[in-house]
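Below, each chain spelled out in residue letters.
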Amino acid sequence: MRIDPHHPRAESLRIRETLVQGVHDGITSTAGLLAHGRGEAFDYLLGETTHDFARRAIEAAAAYLLTAKSPILSINGNAAALVPSEFVMLAKLLNCKIEVNLFHHSEERIHRIETMLRALDETVVLDWKKSPKATLPGIASNRKTVIRSGIANADVVFVPLEDGDRCEALRALGKTVITVDLNPLSRTARSATVTIIDNIVRSLPLLIQTAGTMKAAPRKKKEEILKTYANRHILENALAAIAAHLKEVRRKT
Ligand code: PTJ
C-alpha cells in the first residue's frame, strides 16, 4: 500500500504496513499483528512520544548490557520486522549475539529471520538448528527451548515485546531481564528488571546511541546508574503520564 506522507498518521500506517509485510514474508506471526494493535493503543495513551522515564530506563538498559558478562539479544517476529538493522547494530556495539526465540514456535520462521539478519551481518546471529539447546524451567510454551550458549548461558537478556511467562521464568533463574513494552500493566513490564515503556521503533535507536556514548565510561559510572535505578518508579511514572495525557485531552474536549 502506498502511504501518503501527508496523512496525519503516516508514521503509524508505515509501521503497520511493515508488520503486514513481515507476515507476508513469513517473519512475523499473524498474532503479531494483534500484539502490535495492543501496543499502538498504549502508544496513543502515552501521546506517541518518548518520555523521560523511558530515557532513564534506556540508560539503565545500556549500563546493564555494557557491564554484563554474557549479554544476549532475543528477537521475535515483531522486532525482526520492525528493527532488524538496529538489533544487528546493537549486537555489534555490545559484541554479543542475537538469538531468535519465538512464542509461536516455527522452525521455518526462525530460519527466515536468521537469514534476514545474516544478510545484514554474517557474524552476530546464533544458528538455531546447529546449536545445542537447553530447557528453561517454568515455561509451558515451546519458548522454553533456548540455545545453550545464548539465552541459557546469559546473565543479561534483552527481550523486547516479550510474553509474561518467559520474563518471569528468566527472572526466577536469576537473570537480568530488559524489555521494551508499551503496556506498563503487562506481566512482562511488571516483572522485568528494566522496562523501557516506549515504542521499539523509537527506543532502539536511542538505546544504540546511549550505549555507544556510555561504552567508554568507567565501569564505576555504569554501576552508579544501576544503584539508583528503580523499575517500580518507571512503571508508576508511565501510569501517571497516561493519566495526565488523558486529563489534558479531556480538558481540551
Ligand atoms: O514472533 P513470536 O511468535 O515470538 O510472537 C511475538 C508476539 C509479540 C506476538 C508474542 O510475543 C506475544 O503475543 O506478545 P504479547 O503477549 O502480545 O506481548 C507483546 C507486548 O508488546 C504487548 O504488551 C504490547 O503492548 C507490546 N508492544 C506491541 N508492539 C509494540 C510493543 N511495545 C513496544 N513497541 C511496539 N512496537
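This is a predicted model, so every value here is computed, not measured.

### Some thoughts on the site of the ligand
If you check the shell around the ligand, you find 21 residues, and the closest are R38, G77, F103, R109 and D181. In this structure, an oxygen atom belonging to the ligand sits 2.8 Å away from a main-chain N or O atom of H104. Between R109 and the ligand, the recorded distance is 2.7 Å, taken from a side-chain N or O atom to an oxygen atom. Of all the secondary structure elements, the ones that give two or more residues to the shell around the ligand are α2 (30-45) and α4 (77-82).

### What to know about the sheet that holds strand β6 (residues 176-180)
Strand order across the open sheet formed by five strands is β2-β1-β5-β6-β7, with parallel pairing between neighbours. In the strand order of this sheet, the two ends are held by β2 (97-100) and β7 (194-196), each with one partner. Mean inter-strand twist for the sheet, computed between neighbouring axes without regard to direction, equals 20°. Pairing geometry for strand β1 (residues 71-75) and strand β5 (residues 156-158), over three bridges, is parallel. Following the sheet pairing, I72 is matched in β5 by V157. Sitting on the sheet, helix α3 (residues 52-67) is in contact with β1, β5, β6 and β7, with an inclination near 130° to β7.

### Examining the environment of A216
Within the fold, A216 resides in the loop between α10 (200-214) and α11 (219-227). Separated by 150 residues in sequence, A216 and L66 have C-alpha atoms that sit 9.7 Å apart.

Procedures and definitions
Residues numbered from 1 in each chain as written. Predicted model: local features only at pLDDT ≥ 70, side-chain atom pairs only at ≥ 80, totals over all residues. Heavy atoms only, no water. Near = heavy atom within 4 Å. Polar contact = N/O pair within 3.5 Å; in protein donor to acceptor, adjacent residues only side chain to side chain. Helix = DSSP H or I, 4+ residues; strand = E, 2+ residues; numbered from the N terminus. Pairing = 2+ DSSP bridges. Axes fitted to C-alpha atoms, helices over the stretch in contact; angles between N-to-C directions. Contact = heavy atoms within 4.5 Å.

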